[in-house]
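What follows is the residue order along each chain.
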Amino acid sequence: MPVVEIRDLAAGDLDAVLDIRTRAFGPISPGDAETWRALVTPMLAEGRYLGAFDGPRLIGTARVNPNVQWWHGRPMSMGGVASVTVAPEDRGRGVGRAVMRATVDRCADLGHVVSALFPATSPLYRSVGYEHAGAHTTMTLPAEQLRTLAGPSGGVKLRRMGPDDVPELIALLGRVYGSTRASGPLCWDERSWRLWLDDDDDFCYLADDGFVIYRWSDGDIEVDNLVAGSEATARALWSLVGSASSIARHVYAPVEPGDPMLWLLRERSSKEHLRQSRWMLRLIDAPGAVERRGFPAGVSVDTLIEIDDPQRSANTGTWRLRVGSGSGALTPADATGNIARGITGDITGDITGDITGDITGDITGDDVTRLPIGALSALFAGVPAATLRRAGRLTGGSPDADEALDSAFRCDAYMIDSF
């Protein structure tokens, strides 16, 4: 097999990229193709679009979107991997894995501490450290049920939202996801948001603590995104969507696992139609991700974990995980539990200060919880330690350590957006 070269894509490659994309995912309309070009062209100079080449011929691609993702209410830089494609005639040659290995390294180069993607197939992404983490849930509702959610008149002021409102929108998401201690939802960069909000087919409305983007779809309503920070705003936005009930019978909407709207509905059917697509997560910089993640304020953890990451050697090794007062840290340790070096920077709460001394007590190999980077990524996203242990992905440690890890990382990870 000829050597596959991975390199940055340029503007002159976009026709070939679009050809492979169409062959992989099906045809797109001229308008969607124009929007796609507007989205990806600025990313080329940033090194966010990679191509695999067999000589002069493009045979595979992957793109890294510049996203922010919240974990227990705290934001961190996330590389949203999309448009992973391989030309049909070149499948089975290992092109996809070569592209994804380069993509993981590129996420690190771009400063993303975590990366997420929606998989068409799991084995490829597991082979480079991604693991199933959370869900994107879409619910089908009768439009009439939403129309009746309206609260007292004049309670919430809604206004039409456009590209110039993007800074306010981004700040709003930070407030809502921070206060609700959300895990998994993302925010686009300002450039991408401006592109989305300039779409004439979408109807966009903004409140002080919420927004909605929706469109008509085959005579029904399709919600792209709805976020609300209070009951009054949730009622106002959902009832706005439902106001089309004289024409639209159904509303298709992405929802949180415990979306407040489900508790506002007057009637809920025992046969609610829910459709889930799963997404996968990878920690690119494990200590950086732990440092930036939020944790439950009342949880205190001090345990050892051993990480195996064949691709990102900086993550591999034995680490001391400490969580306290809502913050966490991974500090490198040698096999006996002695700290190899201190944490850089201050960490608030119980874990602030000098932890460069020896860990007290005798530590044996059985005291260390061992897991590959994919399993750590799943644990980070709230997958229970018992699940990973029974799947053979987590070994060593003790029941007490499993319970401590669960208490620190437990969450119901979700996304409203898909990409």
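Preceding this paragraph is the structure being described.
A few points on the structure. (Residues numbered from 1 in each chain as written. Predicted model: local features only at pLDDT ≥ 70, side-chain atom pairs only at ≥ 80, totals over all residues. Heavy atoms only, no water.)

Observations regarding helix 11 (residues 373-380)
Each full turn of the α-helix corresponds to 3.6 residues, which orients residues three or four apart in the same direction. Selection rule: The classification of residues rests on relative accessible area computed with a 1.4 Å probe and restricted to protein chains. Under 20% of the type maximum is buried, over 50% is exposed, and intermediate values are partly exposed. Helix and strand definitions follow DSSP, with helices as H or I runs of at least four residues and strands as E runs of at least two, each counted in order from the N terminus.
Burial within helix 11 is extensive, with 8 of its 8 residues counted as buried. Among the residues making up helix 11, those that are buried are Ile373, Gly374, Ala375, Leu376, Ser377, Ala378, Leu379 and Phe380. Gly382 sits one or two residues past helix 11 and shows a positive phi near 95 degrees.

Observations concerning a nonpolar patch on the surface
Note the following rule: What goes into a patch is any residue over 30% in relative accessible area without a salt bridge, connected to like charges within 9 Å or, for nonpolar side chains (Val, Leu, Ile, Met, Phe, Trp, Tyr), within 5 Å. In these tables, accessible area is a Shrake-Rupley quantity obtained with a 1.4 Å probe, and a residue counts as shielded only by the protein chains included in the view. In the sections that follow, a salt bridge refers to a side-chain nitrogen of Lys or Arg positioned within 4 Å of a carboxyl oxygen of Asp or Glu.
Together, Phe203, Trp216 and Ile247 make up a nonpolar patch on the protein surface, roughly 310 Å² of accessible area in all. Here Trp216 shows up in strand 10 (residues 210-217).

With respect to the packing of aromatic side chains
Aromatic ring pairs are reported here in terms of the distance separating the ring centres and the angle at which the planes meet. How we decide: Centres within 6.5 Å are what make two rings of Phe, Tyr or Trp a pair, Trp counting through its six-membered ring; a difference in plane orientation under 30 degrees is then read as stacked, over 60 as edge-to-face, and the rest as tilted.
In this structure the tally under the stated criterion is 11 aromatic pairs. Measuring from ring centre to ring centre gives 6.1 Å for Trp193 and Phe211, while their planes differ by 85 degrees; the resulting arrangement is edge-to-face. Residue Trp193 is found in helix 7 (residues 190-196), and its partner Phe211 is found in strand 10; the two are separated by 18 residues along the sequence. Like Trp193, the residue Phe211 is buried in the burial classification. The interplanar angle of 40 degrees and the centroid separation of 6.0 Å between the aromatic rings of Phe380 and Phe409 together place this pair among those described as tilted. Here Phe409 lies in helix 13 (residues 399-409) and Phe380 lies in helix 11, a separation of 29 residues in the sequence. By the burial criterion, Phe380 is buried, and Phe409 matches it. Ring-pair connections join several aromatic residues into one group, and the members of that group are Trp71, Trp279, Phe295, Phe380 and Phe409.

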